[in-house]
Amino acid sequence: MTKTEEQNSLPTAAGESLADLSRILYTRGWMPGTSGNLSVRLSGNHASTALITASGRDKGELTAKDMVAVHATTGEEVLLPGRLKASAETSIHTAVYRRTDAAAVVHVHSPYSTVMACRAAEAGRTTALLLERFELLKGLGLDDPARTELPVFRNWSDVRLIADEVATYLASHPGAPPGLLIADHGITTWGRDLAQARNRLECIEAICQLLVLGAREGRAETTEELYQ
């Protein structure tokens, strides 16, 4: 099959799903301007290919034609060169595809997750944000739904360095949660499809909102203590 034939044979439904979710997340304020990126790994004859949102495109106005086909584990553009370029953060998506069984990756700049990424980050090393006892953790598909450590990576100007650290971390932490934070940057989640990746994003963002609002600050009096 020639590259032209392969390009014409790609399923359009995947691109439409990416465009639909991009508009939803843009409306929430999680993908302002041209920021953020989404991808899906195709199946069947196209299992080695992923579609990812193009770089520099307004995320509230994407269509199925605003997607770029790349090799799912290397990020190399696999079809005919065109006017669009793959997201600058494609390498992070491909790191996730290499190290997990994910078929969809979502990266956004939702405010509460970004705040917690800033608070938890430390210069010079990868850190982790402890999440425990929140009911919403059950939405992440964890082995232990009561507790997890969400990795927080350094925000290298060269995105490939972030991707390398993500790949190394996931390889050495097989039980890692399906998400990560990047200092001063945002959040990335993944799942078996876009719906699951979005749901996991919403759960983590909601937990981070609770933390920002003070859910773990101080200690409330219990009913027993009030009547002592």
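Remember, it's a predicted structure, so these values are computed and weren't measured experimentally.

Engineer: Run through the packing of aromatic side chains, naming residues and quoting values.
Structural biologist: Summed over all chains, the structure comprises one aromatic pair. If you follow R28 out to its NZ or CZ, it ends over the ring of W30, 5.1 Å from the centre.

Engineer: Any details on the UniProt feature "binding site: Zn(2+)" (unreviewed entry) in the chain? Residues and values, ideally.
Structural biologist: UniProt feature "binding site: Zn(2+)" (unreviewed entry): in the numbering of this structure it lies at H107 and H109. As for its placement among the helices and strands, H107 is situated in strand 4 (residues 104–108). Sequence-distant contacts of H107, defined by excluding residues within four places in its chain, comprise M31, G36, N37, L38, E89, H93, I182, H185, G186, I187 and T188. Polar contacts involving the side chain of H107 include one to the main-chain carbonyl oxygen of I187, which spans 3.1 Å. Here H109 lies in the loop between strand 4 and helix 4 (111–120). Residue class for H109 comes out partly exposed when judged on its relative accessible area of 23%. Excluding residues that lie within four positions of it along the chain, H109 makes contacts with W30, S35, G36, T114, H185 and G186.

Engineer: Quick one: what's the story with the pairing of strand 2 (residues 49–53), residue by residue and with numbers?
Structural biologist: Sheet faces and side chains relate simply in a regular strand, where the side chains alternate between the two faces. Across the five residues of strand 2, five count as buried, placing the element largely inside the fold. Of the two faces of strand 2, the one carrying T49, L51 and T53 and the one carrying A50 and I52 are both buried. Looking at chain direction, strand 1 (residues 37–41) and strand 2 are connected through three bridges and run antiparallel. Across the sheet, V40 pairs through a bridge with L51, a residue of strand 2. By the bridge criterion, five bridges tie strand 2 to strand 3 (residues 67–71) in an arrangement that is antiparallel. The partner of T49 across the bridge, within strand 3, is H71.

Engineer: Which residues make up the pattern of salt bridges, and what values go with them?
Structural biologist: Inspection of the entire model under this criterion finds 10 salt bridges. For the salt bridge of D20 with R23, the shortest nitrogen-to-oxygen distance reads 2.4 Å. Of the two residues, D20 and R23 are both situated in helix 2 (residues 12–27); the distance of three residues between them amounts to about one turn of the helix. Note on R23: relative accessible area 32%, which makes it partly exposed. Note that R125 is salt-bridged to E122, the shortest N-O span being 2.9 Å. Three or more residues joined by partner-sharing salt bridges are found here, namely R28, R198 and E202.

Quick notes on the rules
- Residues numbered from 1 in each chain as written.
- Predicted model: local features only at pLDDT ≥ 70, side-chain atom pairs only at ≥ 80, totals over all residues.
- Heavy atoms only, no water.
- Phe/Tyr/Trp six-rings, centres within 6.5 Å; stacked < 30°, edge-to-face > 60°.
- Lys NZ or Arg CZ within 6 Å of the ring centre and 35° of its normal.
- UniProt positions renumbered as here; feature names shortened; annotations may be inferred.
- Helix = DSSP H or I, 4+ residues; strand = E, 2+ residues; numbered from the N terminus.
- Contact = heavy atoms within 4.5 Å.
- Polar contact = N/O pair within 3.5 Å; in protein donor to acceptor, adjacent residues only side chain to side chain.
- Buried < 20%, exposed > 50% of the residue type's maximum accessible area, 1.4 Å probe, protein only.
- Pairing = 2+ DSSP bridges.
- Salt bridge = Lys/Arg side-chain N within 4 Å of Asp/Glu carboxyl O.

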